[in-house]
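The primary structure of each chain is shown beneath.
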Amino acid sequence: MISGTAGINGNVFLVGRPSDYDEWQSQGNPGWSWENIHEYFVKATRDESTETEPKGSLVVNNYLRPEKFYTLRNILENATEEVEMGYESKSLGFKHDILGTVDRGRRMSTGKTYLGKVARHRNNLHVAKNAVVRKILFNGKQKAAGVEVLLGNNKVLRIQARKEIILSAGTFNSPQILMHSGIGPCGNLRQFKIPCIRNLAVGQNLQDHGMMSMTYRFTKNIPNLAQGDSVENTFQYLIYQNGSLASNPNLVGFINSQASQNLQNKSDVMIVSGIDQPTRESNVFEFLQFREELVEKFLELAENQTTLQLQGLLIKPKSRGYIKLKYPEFGKGPEIHNNYASVEEDRQTLLRYVRFVRSLEKTEVFHHFGLEYIRVPLPECDVHEFDSDDYWYCYIRYFMISAWHAAGTCKMGPSSDPSAVVDSELKVHGVKGLRVIDASIMPNITSGNTNGPTIMIAEKGAQMILDDLARD
């Protein structure tokens, strides 16, 4: 779709920690420290449009909040405060007002803002719908010369480039296009008889915060939830752009899972929470794409009940996955190995997250609402004593899933780094006329949702293109 995942994401605009970007620079990427990149976050969110010179600037606002959000906030803030009472190290806690790419309940994607603002004023901008880039074309001097495009389902176009080609197809499709074009691990390419133009670690370094679900049911003092699809709420949204349909009910927080041990004063788990009523028509387990039998078991226990959903995300995961080609033809999709929590340190952090959540059960506010943990039967895990470390390590294997924050598969780094695909100017190593500008270039994932950092990368990449044009 136009604007890619910005058209379907959760709209959260977080910038991460300054140390995220200082880390990028320390890995051999000059110009990517927090001091260098901060201006591009500012540029992205400051509207500089005029009637005569429209500029594509992002629209960000605080979310509108429904009544149940404040109930949720009070429960988790009070419970966390009670648990951490007396700790020397504290969690950062829950954020009341996070920014989102929204405006009065409407999604403000990069398509609506950047493209939408300039579409009628830029004669050199052409958007081809129902067109899929199959591969990049190179001349004999290892210079990107054009792209091969499948238009509709039957027409193939070969479009020549005068300057350079910018690849912004995302963490899964950018490496896939590169590999089908002959740039990637030569061993994998030769399997499919693709001539290897440049042997690079394309598809490696796959990262995702991942998230692990824990669910509680309210058994007393049950919050009254407004029906989101009622006639009244639909009227409020269509006429006034407010009400529950224009609101975001989820609460975001950052906890220090090691606070009880006073080991560090730094958040290592992000919690996304919400109060819901799962039904067969609107089921969070199905939305999260768990296996069908787990979805059914969950519904048996939670259908039409008021639940508290807690999703724990690893802020700085250590595990790395990879993607590789699975078929010689483009369009069938790559083979994806996420390797969630494959590193012991990640499993230990998730176990501490579980222990933190379980400690909330002992608080006054959880007792007030009679919050009970919903234990989904898992035969493979139920052989272990419930609540033992072995039980939860098994649970992690089944319930650690994607947070839709994939990054890193065209890693930015110096030519001396064998795992790097692009340099600090986002140019693909060893070939000319080709850059990658999307979340795939992140050496390490940022400490929060990747929506904002990806837009920053695009802003900085655009400036690099302009700087190069000015030098020519």
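Please read all numbers here as calculations on a predicted model, not as lab measurements.

**Considering the state of the cysteines**
Considering all chains together, one arrives at two disulfides under this definition. Two residues share a disulfide in this structure: Cys-186 and Cys-196, whose sulfurs sit 2.0 Å from each other. Across the S-S bond linking Cys-186 and Cys-196, the dihedral sits near -70°, which makes this disulfide left-handed. Note that Cys-186 is positioned in helix H6 (residues 186-191) and Cys-196 in the loop between H6 and strand S10 (211-217), a separation of ten residues in sequence. Look at Cys-196 and you get partly exposed, because its relative accessible area is 28%.

**Observations regarding the packing of aromatic side chains**
Evaluation of the coordinates by the stated rule reveals 21 aromatic pairs. An aromatic cluster is defined as three or more aromatic residues linked by ring pairs; in this entry it consists of Tyr-216, Phe-290, Phe-366, Tyr-373, Phe-386, Tyr-391, Trp-392, Tyr-395 and Phe-399. Sitting above the plane of the Phe-69 ring, Arg-65 keeps its charged end 4.0 Å from the centroid. Positioned above the aromatic ring of Trp-32, the side-chain terminus of Lys-460 is 5.1 Å from the ring centre.

**Some words on the nonpolar core**
Ranked by size, the top nonpolar core spans 67 residues in total, and within it Tyr-353, Phe-366 and Phe-399 carry the most contacts. Counting 50 residues, the second largest nonpolar core, distinct from the first, contains Tyr-21, Met-179, Ala-406 and Met-442.

**Quick look at the UniProt feature "domain: Glucose-methanol-choline oxidoreductase N-terminal" (unreviewed entry) in the chain**
As annotated in UniProt, the feature "domain: Glucose-methanol-choline oxidoreductase N-terminal" (unreviewed entry) corresponds to residues 170-184 in the numbering used here. Within residues 170-184, the helical portion is 73% and the strand portion 0%, while the C-alpha atoms at the span's ends are 16 Å from each other.

**Quick notes on the side chain of Lys-411**
In this structure, Lys-411 sits in the loop between strand S17 (400-401) and strand S18 (434-436). In this structure Lys-411 touches Asn-205, Asp-417, Ser-419, Ala-420, Val-421, Val-422, Ser-440, Ile-441 and Pro-443, once residues within four positions along its chain are discounted.

**As for the pairing of strand S8 (residues 155-160)**
Looking at chain direction, strand S7 (residues 144-151) and S8 are connected through six bridges and run antiparallel. Bridging across to S8, Val-147 finds its partner in Ile-159. With antiparallel pairing between neighbouring strands as the criterion, S7 and S8 make up a hairpin whose turn holds three residues, including Gly-152 at a positive phi of roughly 65°.

**Section: the environment of Leu-99**
One can find Leu-99 in strand S3 (residues 99-100). Considered as a pair, Leu-99 and Gly-452 are 353 residues apart in the sequence and their alpha carbons are 9.9 Å apart. Once you skip the residues sitting within four places of it in the chain, Leu-99 turns out to touch Asn-11, Val-12, Phe-13, Val-60, Asn-61, Asn-62 and Tyr-63.

The rules we used
Residues numbered from 1 in each chain as written. Predicted model: local features only at pLDDT ≥ 70, side-chain atom pairs only at ≥ 80, totals over all residues. Heavy atoms only, no water. Disulfide = S-S within 2.5 Å. Helix = DSSP H or I, 4+ residues; strand = E, 2+ residues; numbered from the N terminus. Buried < 20%, exposed > 50% of the residue type's maximum accessible area, 1.4 Å probe, protein only. Phe/Tyr/Trp six-rings, centres within 6.5 Å; stacked < 30°, edge-to-face > 60°. Lys NZ or Arg CZ within 6 Å of the ring centre and 35° of its normal. Core = buried A, V, L, I, M, F, W, Y, C linked by side-chain atoms within 4.5 Å. UniProt positions renumbered as here; feature names shortened; annotations may be inferred. Contact = heavy atoms within 4.5 Å. Pairing = 2+ DSSP bridges.

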